[in-house]
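As a plain string of letters, each chain reads:
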Amino acid sequence: MSAWTVDIQRAADALQAELGAAPPTAVVLGSGLSHLADDVEEPREISFSKVPGLVAPGVEGHAGRFVAGTLEGAPVVLQAGRYHCYEGHPMELVAAPVRILARWGVTTFVFTNAAGGIDPHLQPGDVALIEDHINLMFRSPLVGPVRPGEERFPDMSAPYDPELAARAEAVAARLGIPLPRTVYAAVLGPSYETAAEVRMLQRVGAGVVGMSTVPEVLVARALGRRCAGFSMVTNRATGLSDEPIGHDDVIRVGREAGARLAEILMGLLAEDGAGGRDGAARQSTGAK
Ligand code: HPA
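Starting from 1, residues in each chain are numbered consecutively following that chain's sequence as written. Confidence filtering applies because this is a predicted model: local features only for residues at pLDDT of at least 70, side-chain atom pairs given and counted only at 80 or more, and all residues used for totals across whole chains, interfaces and linings. Excluding hydrogens and water, the side-chain values take into account all heavy atoms of the structure.

Caption draft 1: How the structure looks around the overall build of the protein chain. Summing up its helical and strand segments, the protein chain has 6 helices and 9 strands in all. Our radius of gyration looks at C-alpha atoms and nothing else; its globule reference is 2.2 Å times the residue count to the power 0.38. A compact globule built from 288 residues should have a C-alpha radius of gyration of about 19 Å, and the protein chain, at 18 Å, falls within 12% of that. Across its three principal axes, the protein chain shows a C-alpha extent of roughly 50 × 45 × 35 Å. The contacts of the protein chain with a sequence gap of at least 6 include a subset with a gap of at least 24, amounting to 83%. All accessible-area figures derive from a Shrake-Rupley calculation using a 1.4 Å probe, and residue coverage is judged against the displayed protein chains alone. Summing over all exposed atoms, the protein chain offers an accessible surface of approximately 11800 Å²; the carbon and sulfur share of this is 53%. Under the DSSP-based scheme used, a helix requires at least four consecutive residues in state H or I and a strand at least two consecutive residues in state E, with every element numbered from the N terminus. Residues are treated as being in contact if the distance between any of their heavy atoms lies within 4.5 Å.

This is the structure we're talking about:
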């Protein structure tokens, strides 16, 4: 395997120098949610290009930055912009932000993404809670030599923290926002699926399909960090509606779903801000 190219410690030191002490929670903002980075109070930020080992990501409208501060009184760092495999980035870079944030001191990761709805109950604009995933990228950032602090064979029986998921459901119920549970299928992309592929995904039990998140979750779990995942449903998956999938629609509907998801995230963080429940409850399956 190739040697590591990102010096995680150096990168984490850069975050420490620019942003100060790590908050317990990081939120990775998918398409449709990046505006949340502008709502952070007392923000301190560092762009990806200033973090040794990272490069500017090549995705629409995403500058690529970490913004630390508070939201609803809770200390948090938001990651706006992420690397995707379909851009040609090696898995190591796709997962590097998680490794860097974890080394800096983040213990809980909230991953958000845009996804196509396969479950017939999911409509464009809906938000869904990821309770499990299927890795159809057929690659993993854990392949190769084991990184310090990571498990060689991390358990994946509950990659998404059940307690965090239950709290998210309670917040959503209080806000009157439907938040069905779903299984996220991760594909490589960048082409959207064929109708036959979507029929296959339906049969294997996927509720949504997207091109991100799973590599990041794999690394977070190998490090024993807590994870939550949310999908913003931007379209019906191929073949399930008469409409072809257009990237512009994905972005537009992502913003609508993003507004709902932002409410849920703010509700979750407000509990943290009031009660201070950080990532102490790491799952027992994690490293260290
Ligand atoms: N498929 C894969 N990724 C996606 C989709 C989709 O339909 N919508 C948004 N991201």
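Caption draft 2: Region of interest: the packing of aromatic side chains. Any Phe, Tyr or Trp ring, taking Trp's six-membered ring, that has another such ring centre within 6.5 Å forms a pair; planes under 30 degrees apart are called stacked, those over 60 apart edge-to-face, and the others tilted. The final tally for this structure, using the stated rule, is 3 aromatic pairs. Measuring from centroid to centroid gives 5.0 Å for Phe-48 and Phe-66, while their planes differ by 40 degrees, and the two rings are tilted. Remark: Phe-66 occurs in strand S3 (residues 65-71) and Phe-48 occurs in the loop between strand S2 (41-47) and S3; sequence separation between them is 18 residues. One exposure class covers both Phe-48 and Phe-66, and it is buried. Buried residues are those whose accessible area, probed at 1.4 Å on protein chains only, stays under 20% of the maximum for their type, while exposed residues exceed 50% and partly exposed ones sit between those limits.

Caption draft 3: How the structure looks around the packing of helix H1 (residues 8-19) against helix H2 (residues 91-104). For helices, the fitted line uses only the C-alpha atoms of the stretch in contact; every axis is such a line through C-alpha atoms, and the angle between N-to-C directions lies from 0 to 180 degrees. As a packed pair, H1 and H2 sit with axes 8 Å apart at the nearest point and diverge in direction by 60 degrees. Comparing the axis directions of H1 and H2 gives the class oblique. Both H1 and H2 take part in a crossing whose hand is right-handed. Contacts between H1 and H2 involve Ile-8, Gln-9, Ala-11, Ala-12, Leu-15, Gln-16 and Leu-19 from the former and Ala-96, Arg-99, Ile-100, Leu-101, Arg-103 and Trp-104 from the latter. For the contact of H1 with H2, a count of residues per class yields 9 nonpolar, 2 polar and 2 charged. We call two directions roughly parallel when the angle between them is under 35 degrees, roughly antiparallel when it is over 145, roughly perpendicular when it lies between 65 and 115, and oblique otherwise. Left-handed describes a crossing whose near helix is turned anticlockwise from the far helix through less than a right angle; right-handed describes the clockwise counterpart. As a working rule, the residues Ala, Val, Leu, Ile, Met, Phe, Trp, Tyr, Cys and Pro are called nonpolar, Asp, Glu, Lys and Arg charged, and the rest polar, with Gly in that last group.

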